[in-house]
Structure formats: C-alpha cells, structure tokens
Amino acid sequence: MKCPNCETENRDGAKFCDECGFPLAKDAGKATSGELRDNSAAEDEREGAVDADSEGAADEEAERAADEEAERAADGEAERAPETAGEELPEGEELPEEAPESADEADEEDLDESQQATKQLFQTEALKKDAKDAIAKGADLSGLDEPSELYGERLVDSSYEPPVIDWRDGNTMQMAPLPEEEPEKSKDYLASSTKKQRSGAKGVVIAIVAIVVAAAVVALVTFQMGIWGGKTVPDVCGMTQADATSILESEGFAVRASQVKSDDTEGLVLISDPEAGAHIEEGHEVVIHIATARSIPEAVGKTQAEASALLAEEGYENVKVATQRSDEPAGTVLAIAPEPGARAKSTAEVTLTVAEPFVVPDVSNMYLDDAIATLEEAGLGYDVIYIPTEAYADGQMMGTDPVAGTEVKGGSIVYIQIAQARSTLLVNLAHSYLAPGTSVVSNGYNIVIDSLDSVTYVGNDTVSYTATGRAFTSMLSGETVYDTPTTFSGTLTFNSNNQVVG
C-alpha cells in the first residue's frame, strides 16, 4: 500500500506509513482538522517555548502558508492528470491493459479525497510547528503575509522532510532502529563540568596548602628566634667548664656539671642535656658533661673479678691476665700495669698479675737430674731418699712426697723417692761406715782407714770390703803411734735395722 504523503510502499493492511507515520487505514481520513489541532495545541502547551503573542502570529502565518500549499498541490494534481491523459505514446507502443480493480484499490479510490484532506491537515500542522520553532529561534518571517502575486509561488524545499507525528491513538507503528550507542552530549557536558569543578577544588586545595606551609615557616622561624616556645639552648660543646657555665647562665638557665670519663681533652664540655638547639623555659636546668681523664684503678689485693669490673667502669677493655705462683689465695691480684693511678686512654693495654698456688709437679719416670730441675722451676726444694724395695728396679724413680698435684707453700722440700735393692742399700751403708778417717778393728788391730778401695755384697745382709789403713797404738803418755800404711780386707753384716752386727 503506497503512502499518499511520502509515496513509500508499505505492507498490506498497515495502518500507518513505516517511513513518515501517515495514517493509511480506511477511516484515517475521517479525522477532523479540529482533532488534529487539539493534539497540536496540547503539544504546544507541553513545550512552552514561546510566549502567547508569538504563537498567535505564527499560527496565522502557518495557516495561510498551509492553505496556499494545499491549493498549489491541488492545482498540480489537476494539471498532471490531463497531461498524462493526453500524452501521445511513441509509435509501436501501446498502453498496458488495465487490470481489474481489487476491492482494496476500490476502497482506496473512494478514500482519496478523505486521505487528501488528512494529508493537507497533517502538512498544515507541521508548518505551524516549524513556524513556531522558527519564531522561538528568532527567525525573520516577514513577508509571509504578502500576497503570492508579489513573490510568486512558494514551493517547499525538496530536502524538507515532514516530522513524524505521534498520534497517540493506541495503535503501533514501526520506528527507526536506535543507534548502538546513545549520544554522549550530556555525558560530555557533565564530564566537562566535573573537570571544571575539580580544577576549582584543586586550586582551593593548593591555596590552603600554601597558606599552611607559609604559616609553618613563620612558626618555625619565630620558634628558632625564641619568640615563643622558650629559649634555645646554645651550643657549648668543646668549651671549658667555666666558659660554658657563663654562657648558659647569661641565657637564664641553671647549670649543673657532671664528670664523664673520656679520652678527650680533660676539662672540656662533651655534651649538654638538653642538647644544643632545644627550646626550654628560662630557668630550666642544663647539665653539662665535662671530660675527665681515665686512670688505672687500685686493684692489688682484690680478686680478678673485682679488678675486671673496676677497669670496665673506667672504660678499659684491652685487659690481659698473667699468673704468678704465690702463697696468696688463688685469683688474688698481685700487681697491675700500668701502676694504679696512672692516666691512660681506653685503648691502652692493662695487665693484671694474678696469684696461682705452688703445686708439686709430676716427676715420675724422669731421670734424677730432670726431676730436680722441674722441682726448682716450680719454686720448691728437694731431697733424695732411697726406698728399699723389690717392686721397682734398682735406681728407678718412684715418685715424690708430697705427691704430685699437692698445693704447698713456696720453697717447700719435696722428697724424691728412688727404688733401691737390698744389696745396693747395704753397699751404700758400707761406704758410709768405712769412710776415710774412721777406724775399725780388724784381726785385733785398731786401724784408721785412709781409703775404701772396694765394697761387694756377698749375700745374707753381708758385704766384703778392701781398704788401706794404718794400725795405731796409744801410749801411756797419751801419744798415738801409727804403723806403716797397709792394705787390709774384712766383712760387715747388717741387721734389719741396717745396723752393723759383725
């Protein structure tokens, strides 16, 4: 079915044009111009774009233009019909046979006049609306009320497309598809507005920050100047105690000195408390720490632990310990170097000499000479004793008395015990008994021994000997007469107590 308004082909039975929305139903033409105008007036009231005077002028101009357009349209149809009817066809061509009219075509012919009237009313309302919009936008409509004889026919621009009318009668119509994405105009506007707002807020924040920073700088400068927050403690480090005290008291502070062990120059200020730069109230106490020299403490007679603690208090850490045998209790400090009272830095080496007891060393399995040297090195005396025994080999070192490991006083005698067989013992006893200058009785003669030539153990606790001696006789006058030296021999027998019995 062709639309009488835009000549667009539509589906059979459609009530409205798919392109322009023009009514296509049989009863569409029955709509009165009054009803259309009522709908147009309702729409005008919703928009409210122009005032009452402008609307009246636009209505009159639009109605006049619509009437002229309708007349021209009617004249054009009348002129075209005869031209078409009276046209001559080229030679050899014939007009196509007319098909029998269907019921729908007959109905359309019957409704041509009503549809034409509807179309004219539709266009009239559209022109009115365009005129109103033009007036609202300030367009110049002067001359529209002039007669057509002065300006000729006023045809509608070929590019003009009539607006789609929403008839609001409850029927449906096909609408153009929506675009994939909605226009972003409102969003862009909002985004732009947001950026402006943010930009303004950013400026406010920057201004606030600048004010805060400036206030902080002023506060800091005035604080450093001592205008508020108390007075600033001056830097007195490196000064003498007298100078530092004078400066601090001139600022209104109370001063108290504290001595501190240090390697720095004695008498100079090391640090103050509160330290330099601090802000305190006037009259507040400031403690200055004065460097004092370190000195070696008196540690002689103290235990090693007590001496180490005293050295740590003075700051000495490089402490060495030496031992020395002494009759003092073990661990007693016998000496300290440097000597007590000497000044020394904390890095100086300090040596503590600590007592250790005399102990009998172990000399078993040594030769006699080596055992004697070991005892002397340990600060002890010695003596050798022979112990008759068959458990050890003759002459073997048996040990000491006291035994090894015993703590003794310095210089104590330690007896070296040597194993001795019975024969060796009796031979040694014979040497003692027949020593030169002693006298013996041999074969009824008294003989003084000049030398002992040999001694031999013969068994059964008996030894034999050979000696050189002189027989002598005592005169009544008391004079002793000696004979010529001669060699003689004899035997000696000992009992269990090592005494000579024959």
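Reading guide: rules and limits
Per chain, residue numbering runs from 1 following the sequence as it is written. For a predicted model such as this one, the threshold for reporting local features is a pLDDT of at least 70, and the threshold for listing and counting side-chain atom pairs is 80 or more; totals across whole chains, interfaces and linings nevertheless cover every residue. To get the side-chain values, all heavy atoms of the structure are used, and hydrogens and water are removed first. Secondary structure follows DSSP: runs of H or I at least 4 residues long count as helices, runs of E at least 2 residues long count as strands, and numbering of each begins at the N terminus. Burial classes: relative accessible area under 20% of the type maximum marks a residue as buried, over 50% as exposed, and values in between as partly exposed (1.4 Å probe, protein chains only). Residues count as neighbours in contact if any of their non-hydrogen atoms are within 4.5 Å of one another. Exposure was quantified through the Shrake-Rupley algorithm and a 1.4 Å probe, taking into account, for residues, occlusion by the shown protein chains and nothing else. As used in this structure description, the phrase polar contact means that two N or O atoms lie within 3.5 Å; if the pair is within protein, one of them must be able to donate a hydrogen and the other to accept it, and residues adjacent in sequence are counted only when both atoms belong to side chains. Every helix has an expected span of 1.5 Å times one less than the residues it contains. Working definition: a ring pair exists when centres of Phe, Tyr or Trp rings (six-membered ring for Trp) sit within 6.5 Å. Plane angles under 30 degrees give stacked, over 60 give edge-to-face, the rest tilted. For two strands to be treated as a pair, DSSP must find no fewer than two bridges joining them. Axis geometry follows a simple rule: fit a line to the C-alpha atoms, using only the stretch in contact for helices, then measure angles between N-to-C directions, giving values from 0 to 180 degrees. As a per-residue measure, pLDDT tells how confident the predictor is, with possible values from 0 to 100. Side-chain atoms within 4.5 Å are what join buried Ala, Val, Leu, Ile, Met, Phe, Trp, Tyr and Cys residues into a set we call a nonpolar core.

Peer 1: What's the story with the overall build of the chain in this structure? I'm lost.
Peer 2: Of regular secondary structure, the chain possesses 10 helices and 18 strands. Among the 502 residues that make up the chain, the fraction classed as buried is 25%. Counted over contacts in the chain with a minimum sequence separation of 6, partners at least 24 positions apart contribute 60%. Surface summary for the chain: the accessible area is close to 32,500 Å², and the carbon and sulfur share equals 50%.

Peer 1: Which parts of the structure should I look at to understand the side chain of Thr 468?
Peer 2: Tracing the backbone shows Thr 468 in strand β16 (residues 462–474). With a relative accessible area of 18%, Thr 468 lands in the buried category. A distance of 3.1 Å separates the side chain of Thr 468 from the side chain of Asp 453, its partner in a polar contact. The residues contacting Thr 468, other than those within four sequence positions of it, are Val 448, Ile 449, Asp 450, Ser 451, Asp 453, Thr 486, Thr 487 and Phe 488.

Peer 1: Where do I start with helix α10 (residues 422–433) in this structure?
Peer 2: An α-helix turns once per 3.6 residues; consequently, residues spaced three or four apart project the same way. Between its first and last C-alpha atoms α10 spans 16 Å; for 12 residues at 1.5 Å apiece the expected length is 16 Å, and the two agree. Residues of α10 that are buried: Leu 425, Leu 426, Val 427 and Ala 430. Looking at the packing, one finds that the buried side of α10 touches β10 (381–388), β13 (413–420), β15 (445–459), β16 and β18 (486–493).

Peer 1: What is the right way to read the environment of Thr 462 from this model?
Peer 2: Mapping Thr 462 onto the fold places it in strand β16. Looking at Thr 462, the relative accessible area reads 14%, which means it is buried. A C-alpha to C-alpha distance of 9.2 Å links Thr 462 and Asn 495, two positions 33 residues apart in sequence. Once you skip the residues sitting within four places of it in the chain, Thr 462 turns out to touch Leu 426, Thr 456, Tyr 457, Thr 491, Leu 492 and Thr 493.

Peer 1: Looking at this structure, how should I read the packing of aromatic side chains?
Peer 2: We describe a pair of aromatic rings using the distance from one ring centre to the other and the angle between the two ring planes. This model, assessed by the stated rule, comprises 1 aromatic pair. Ring geometry for Phe 472 against Tyr 482: centres 5.9 Å apart, planes inclined by 45 degrees, an arrangement best described as tilted. In this pair, Phe 472 is assigned in strand β16 and Tyr 482 in strand β17 (residues 480–482), connecting sequence segments 10 residues apart. When its relative accessible area of 45% is taken as the criterion, Tyr 482 is described as partly exposed.

Peer 1: Quick question: what am I supposed to make of unusual backbone geometry here?
Peer 2: One can expect most non-glycine residues to show negative phi and most peptide bonds to be in trans. The omega angle of the peptide bond from Asp 273 to Pro 274 is 0 degrees, so this bond is cis rather than trans. Geometrically, the link from Asp 401 to Pro 402 is a cis peptide bond, its omega value of 5 degrees lying close to zero. With phi around 55 degrees, Asn 460 is a residue other than glycine that occupies positive phi space. Counting through the fold element by element, Asn 460 comes out in the loop between β15 and β16. On the basis of relative accessibility, which here comes to 72%, the residue Asn 460 falls in the exposed class. The backbone phi angle of Asp 461 is positive, close to 60 degrees, even though this residue is not glycine. Along the polypeptide, Asp 461 turns up in the loop between β15 and β16.

Peer 1: Would you explain the sheet that holds β10 in this entry?
Peer 2: Consider a sheet: its strands pair through backbone hydrogen bonds, and that pairing is either parallel or antiparallel. In spatial order, the strands read β10-β13-β11; together these 3 strands make up an open sheet with mixed pairing. Strands at the two margins of the open sheet, each flanked by one partner only, are β10 and β11 (397–401). Sheet twist, expressed as the average angle between the axes of neighbouring strands with direction ignored, equals 25 degrees. Sheet topology note: the β11/β13 ladder contains 4 bridges and is antiparallel. Of the residues in β13, the one forming a bridge with Asp 401 is Tyr 415. The sheet contacts of helix α9 (residues 368–377) involve β10, β11 and β13, and relative to β13 the element is tilted by about 165 degrees.

Peer 1: Which parts of the structure should I look at to understand the sheet that holds strand β6 (residues 319–325)?
Peer 2: On the basis of which strands lie adjacent, the open sheet formed by 3 strands has the order β6-β8-β7 and mixed pairing. Every interior strand has two partners, whereas the edge strands, β6 and β7 (333–337), have only one. Between one strand axis and the next, the sheet turns by 20 degrees as a mean value, whatever way the strands run. By the bridge criterion, 4 bridges tie β7 to strand β8 (residues 350–356) in an arrangement that is antiparallel. Across the sheet, the residue bridging to Ile 336 is Leu 352, located in β8. The strands touched by helix α8 (residues 304–313) within the sheet are β6, β7 and β8, with β8 carrying the most contacts at an inclination of about 170 degrees.

Peer 1: It is not clear to me how the confidence of the model for the chain should be interpreted in this structure. Could you clarify?
Peer 2: Reading fine detail from the predicted coordinates is not recommended where pLDDT is low. On average, residues of the chain score 75 in pLDDT, and 63% of them reach the 70 mark or higher. Counted against residues more than four places away or in other chains, residues 77–111, with its pLDDT under 50, gives 7 contacts. In this model residues 186–194 is a low-confidence stretch, pLDDT under 50, and it forms 0 contacts with partners more than four residues away in sequence or in other chains.

Peer 1: Explanation requested: the nonpolar core in the structure shown.
Peer 2: Soluble globular proteins: nonpolar side chains tend toward being buried together. Membership of the largest hydrophobic core comes to 16 residues, with the highest contact counts inside it found for Leu 434, Val 455, Val 463, Tyr 465, Phe 488 and Leu 492. Counting residues in hydrophobic clusters, the runner-up holds 13 residues, among them Val 363, Ala 371, Leu 380 and Val 408.

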